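# Overview (structure and organization)
The residues making up each chain are set out below.
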Amino acid sequence: MTLAQPPHNKAKALRPGATRPAKELCSECGFCDTYYIHYVKEACAFLNQQFPTLEQQTHGRSRDLEAENDVYFGVHQDMMAARKQQPIEGAQWTGIVSTIAIEMLTQGLVEGVVCVQNTESDRFQPQPVLATTPEEILAARVNKPTLSPNLSVLEQVERSGMKRLLVIGVGCQIQALRAVEKQLGLEQLYVLGTPCVDNVSRAGLQKFLETTSRSPDTVVHYEFMQDFRVHFKHEDGSTETVPFFGLKTNQLKDVFAPSCMSCFDYVNGLADLVVGYMGAPFGWQWIVVRNDRGQAMLDTVMDQLDTQPVMSVGDRKAAVQQSIPAYDKAVTLPMWAAKLMGVVIERIGPKGLEYARFSIDSHFTRNYLYVKRNYPQKLAAHVPEFAKRIVSQYKLPD
Ligand code: FAD
Ligand code: SF4
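Just so it is clear, the model here is predicted, and its values are computed rather than measured.

A count of helices and strands for the protein gives 16 helices and 13 strands. Taken over the C-alpha trace, the protein has a radius of gyration of 20 Å; the compact-globule value for 398 residues is 21 Å, and the two agree within 12%. Across its three principal axes, the protein shows a C-alpha extent of roughly 75 × 50 × 45 Å. A separation threshold of at least 6 residues defines the contact pool for the protein, and within that pool the share at least 24 residues apart is 69%. Summed over all atoms, the accessible surface of the protein reaches about 17,400 Å², with 52% contributed by carbon and sulfur. For the protein, the separation between the mean place of its 41 positive charges and that of its 43 negative charges on side chains is 6 Å.

Structural data, given as structure tokens:
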């Protein structure tokens, strides 16, 4: 007797370069490169925003809109700052993400890990893989700061017959994944997320590097850090810092992908465990445990981490309010003024969770205006309730 195929096996992936269902809002998450495209209308983060439903399915409850930390950071049961006692050389921060993935594989919690390496010829060109060895996971360390089709390996997962899987990914990838989780034929799915914001296409990344860094071709790694500076690391090991307020906003305004300008899932609300940096003191990583699966994932590495409780200092609101018209009018300060402002704000500005709220508020207000101006018909359904609450604290231009 032949078993009936699931309906998606009869669907056909889109060919490379073909217009995706979300059109210019597509974040190239990789979903439509697979036969799971059959479910795209429900699954795509840009066609069907469904946080409360998917939060309920994943965490057993949706965000409590009366609790500020839930509104900002999503459903969670614990938060902390952490760093590896022995950082992984070449990781984005201290390598907590890669270490958790390696431990989960070697301790037998999972049989494979979806993560993203880079192509041989370009360190920033993403190459998603289904890793089955620690070496393959390690080769995926460090951010590929470009839109990455991580979900394109989903067909390979089903073909491999794996039953226990870890997926590492950013919010838009994880939203689509959660929507089809039940169709994947898995017994256990673990999701390790990172926050994500302001991502770019590969061409956009080149423009950003060329406009901002003194030596675009030698950048191996960069991050917008808690000290209000972009830190670039170069091939020779040197570090270059550029104050946020000195970025050439007028040239960079359209560099971010339309998907990222209309995203409200900065904190990856549907992952089991999130590892970022923005809610932690400078030099530390920020960990958000959303549910018991996330706790079990974190437990695999606790003996390799230093940890401390999260803290929150300062008041972000005036700075956010001032940044809204400045961004809108693409104001760029002269470099001396930008550096001075960076120094002042680093001393007296928001820190820890308040810095994370600063970053969320600045991006959500900007993105809300972007959707309102460019996709007014999508505004009501696409912007989730928690984001509407955050944005409503500020006065926005028309
Ligand atoms: P590593 O051990 O170096 O592992 C990095 C992992 O990220 C790898 O497993 C790899 O598979 C995965 N990865 C790399 N690039 C991508 C990609 N494009 N899409 C999906 N997965 C990818 N954190 C914040 O707190 N605030 C931010 O504003 C923020 N912005 C980010 C923007 C982007 C585009 C990305 C990819 C991440 C961002 N992060 C942000 C997360 C942060 O930069 C670190 O990735 C995180 O703290 C993990 O560091 P690590 O040293 O533990 O990771
Ligand atoms: Fe398809 Fe993902 Fe693009 Fe949506 S964002 S259209 S699911 S590839």
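Let us now look at the pattern of salt bridges. If you walk through the whole model with that rule in mind, you get 19 salt bridges. Residue arginine 229 is joined to aspartate 227 by a salt bridge in which the shortest nitrogen-to-oxygen separation is 3.3 Å. A salt bridge links arginine 316 to glutamate 354; its shortest N-O distance comes to 3.0 Å. Remark: glutamate 354 occurs in helix α14 (residues 353–374) and arginine 316 occurs in the loop between β12 (312–313) and α12 (317–328); sequence separation between them is 38 residues. For the pair arginine 316 and glutamate 354, one class covers both residues: buried.

Before going further, it helps to examine the layout of surface pockets. Taken as a whole, the second largest pocket holds about 660 Å³ of empty space. Lining the second largest pocket we find 28 residues, and of these Gly90, Ala91, Gln92, His221 and Lys233 sit closest to its centre. Broken down by element, the lining of the second largest pocket gets its largest block of residues, 4 residues, from strand β7 (residues 229–234). Here the lining of the second largest pocket is built from residues that sort into 11 nonpolar, 11 polar and 6 charged.

Looking now at the confidence of the model for the protein. Residue-level pLDDT values for the protein average 93, and 97% of them are 70 or greater. This prediction of the complex comes with two scores: 0.95 for pTM and 0.98 for ipTM.

Taken together, the neighbourhood of ligand 1 is formed by 33 residues, with Trp93, Ser98, Lys144, Glu223 and Tyr277 sitting nearest. In this structure, tryptophan 93 approaches ligand 1 through a main-chain N or O atom, which is 2.7 Å from an oxygen atom. Alone, ligand 1 offers 930 Å² of accessible surface; in the complex the protein occludes 97% of this. Where the shell around ligand 1 is concerned, the elements lending two or more residues are α4 (96–106), β2 (112–119) and β9 (273–276).

This brings us to helix α7 (residues 171–180). The periodicity of an α-helix, 3.6 residues per turn, causes residues three or four places apart in sequence to face the same way. Of all the 10 residues making up α7, 9 are buried; the element is thus mostly covered by neighbouring parts of the structure. Looking at α7, one finds that the buried residues are Gly171, Cys172, Gln173, Ile174, Gln175, Ala176, Leu177, Arg178 and Val180. Packing partners of the buried residues in α7 comprise α1 (40–43), α2 (51–59), α6 (154–160), β4 (164–169), β5 (188–193) and α11 (292–299).

Glancing now at the site of ligand 2. Taken together, Arg20, Pro21, Ala22, Cys26, Ser27, Cys29, Phe31, Cys32, Val40, Cys44 and Phe46 form the complete shell of residues around ligand 2. Residue composition of the shell around ligand 2, grouped by class: 9 nonpolar, 1 polar and 1 charged.

For helix α8 (residues 202–212), the set of buried residues is Gly204, Leu205, Phe208, Leu209, Thr211 and Thr212. Tucked inside the fold, the buried residues of α8 contact β3 (122–131), β6 (219–224), β7, β8 (239–243) and α9 (249–252).

A word on the sheet that holds strand β1 (residues 78–84). Judged by pairing direction, the sheet is mixed, and its 8 strands sit side by side in the order β3-β2-β4-β5-β9-β10-β1-β11 without closing on themselves. Edge strands, defined here as strands with exactly one partner in the open sheet, are β3 and β11 (305–308). Going across the sheet, the axis of each strand differs from the next one's by a mean of 25 degrees, ignoring polarity. Inspection of the sheet shows β2 paired to β4 by 3 bridges, in the parallel sense. If you follow valine 114 over to β4, its bridge partner there is valine 167.

Even without glycine at this site, aspartate 198 takes up a positive phi of about 50 degrees. Phi is positive for phenylalanine 228, which is not a glycine, with a value near 65 degrees. Within the fold, phenylalanine 228 resides in the loop between β6 and β7.

Further remarks concern empty space enclosed by the protein. Considering all chains together, one arrives at 1 cavity of 30 Å³ or more under this definition. In this structure, the largest cavity encloses a volume near 80 Å³. What lines the largest cavity is a set of 13 residues, and nearest its centre among them are Ala45, Gln175, Cys263, Phe264 and His382. In terms of residue count, the dominant contributor to the lining of the largest cavity is α7 (3 residues). Considered class by class, the residues forming the lining of the largest cavity number 7 nonpolar, 5 polar and 1 charged.

Reading across from one edge, β6-β7-β8 is the order of the 3 strands in this open sheet, with antiparallel pairing throughout. If you trace the sheet from one side to the other, it starts and ends with β6 and β8, each paired once. Pairs of neighbouring strands in the sheet enclose a mean axial angle of 20 degrees, with direction left out of account. Together, β6, β7 and β8 form the strand contacts of α8, whose direction differs from that of β6 by roughly 85 degrees.

Conventions we followed
Residues numbered from 1 in each chain as written. Chains lettered and ligands numbered in written order. Predicted model: local features only at pLDDT ≥ 70, side-chain atom pairs only at ≥ 80, totals over all residues. Heavy atoms only, no water. Helix = DSSP H or I, 4+ residues; strand = E, 2+ residues; numbered from the N terminus. Rg over C-alpha atoms; globule rule 2.2 N^0.38 Å. Contact = heavy atoms within 4.5 Å. Areas by Shrake-Rupley, 256 points an atom, 1.4 Å probe, with all protein chains shown as cover. Lys, Arg positive; Asp, Glu negative; His and termini not counted. Charge placed at Lys NZ, Arg CZ, Asp CG, Glu CD. Salt bridge = Lys/Arg side-chain N within 4 Å of Asp/Glu carboxyl O. Buried < 20%, exposed > 50% of the residue type's maximum accessible area, 1.4 Å probe, protein only. 1 Å grid on protein atoms, 1.4 Å probe; cavity = no way out; pocket = protein on both sides within 12 Å on 5 of 7 lines; lining within 4 Å. Points joined across faces, edges and corners; volume = space filled by probe spheres on them. Nonpolar A, V, L, I, M, F, W, Y, C, P; charged D, E, K, R; others polar. pLDDT = per-residue confidence, 0-100. Near = heavy atom within 4 Å. Polar contact = N/O pair within 3.5 Å; in protein donor to acceptor, adjacent residues only side chain to side chain. Pairing = 2+ DSSP bridges. Axes fitted to C-alpha atoms, helices over the stretch in contact; angles between N-to-C directions.

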